[in-house]
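Each chain is listed here by its residues.
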Amino acid sequence: MLLIVLFIIEIILFMITYYTMKRDILRPSVLMVCVFMFSTFIAILNIINWNIDYLPKTIMIISIGLICAIVADYIGYYRFKNYNSKPQKINLLIIEKWKIFLIIIFELFVLLLYYLEIRRLAILDGYVSGGNLL
């Protein structure tokens, strides 16, 4: 029940933030509230499977954290807004192909390490090989 209350609070905060930030969907506070709304919605769908039991204190901490982030974004948005700014020229950034390839290889290696660590932790918790890990 408290998870539904949190979801309603997040919807209200989203509407307030969305209209306060002049319908800019890419503002950090708007995106953050959207991510929390999505996560809470998924948690509501899986409340029984995941055995979720939130305390009222948890709801208050999440709500206050969201409000603090919204206020900080609001202050930054209006405090540092430059009304006399002129359009800036965007320069093209050219990255050499070998650097892109090197970064892709590095990211694939990190992804493999993450997978192996998750598999190791699953085996410690009783995962049997042949089961669906993904």
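Structure report, in brief. (Residues numbered from 1 in each chain as written. Predicted model: local features only at pLDDT ≥ 70, side-chain atom pairs only at ≥ 80, totals over all residues. Heavy atoms only, no water.)

What follows is about the environment of Tyr18. By the secondary structure assignment, Tyr18 is in helix α1 (residues 2-20). A C-alpha to C-alpha distance of 8.8 Å links Tyr18 and Ser29, two positions 11 residues apart in sequence. Residues within four places of Tyr18 in sequence aside, it is in contact with Arg23, Asp24, Ile25 and Val30. (Helix = DSSP H or I, 4+ residues; strand = E, 2+ residues; numbered from the N terminus. Contact = heavy atoms within 4.5 Å.)

Glancing now at the packing of aromatic side chains. Throughout the structure, instances matching the rule amount to 3 aromatic pairs. Note on Phe7 and Phe41: the rings are 6.1 Å apart at their centroids and 35° apart in plane angle, and the pair reads as tilted. Of this pair, Phe7 sits in helix α1 while Phe41 sits in helix α2 (residues 28-45), and the two are 34 residues apart along the sequence. On the basis of relative accessible area, Phe41 is assigned to the partly exposed category, the value being 39%. Ring geometry for Phe14 versus Tyr18: centroids 5.6 Å apart, planes at 20°, classification stacked. Highlighted residues: Phe14 and Tyr18, both in helix α1, separated by 4 residues, approximately one helical turn. Look at Tyr18 and you get partly exposed, because its relative accessible area is 22%. (Phe/Tyr/Trp six-rings, centres within 6.5 Å; stacked < 30°, edge-to-face > 60°. Buried < 20%, exposed > 50% of the residue type's maximum accessible area, 1.4 Å probe, protein only.)

Here we come to the pattern of salt bridges. Scanning all chains against the criterion turns up 2 salt bridges. In this structure, the salt-bridge partner of Asp73 is Arg27, at a minimum N-O distance of 2.5 Å. Of this pair, Asp73 sits in helix α3 (residues 56-79) while Arg27 sits in the loop between α1 and α2, and the two are 46 residues apart along the sequence. For the pair Asp73 and Arg27, one class covers both residues: buried. Residue Arg120 is joined to Glu117 by a salt bridge in which the shortest nitrogen-to-oxygen separation is 2.6 Å. In this pair, Arg120 and Glu117 both sit in helix α4 (residues 97-124), 3 residues apart, roughly one turn of the helix. Residue Arg120 is classed as partly exposed on the basis of its relative accessible area, which comes to 41%. For Glu117, a relative accessible area of 36% corresponds to the partly exposed category. (Salt bridge = Lys/Arg side-chain N within 4 Å of Asp/Glu carboxyl O.)

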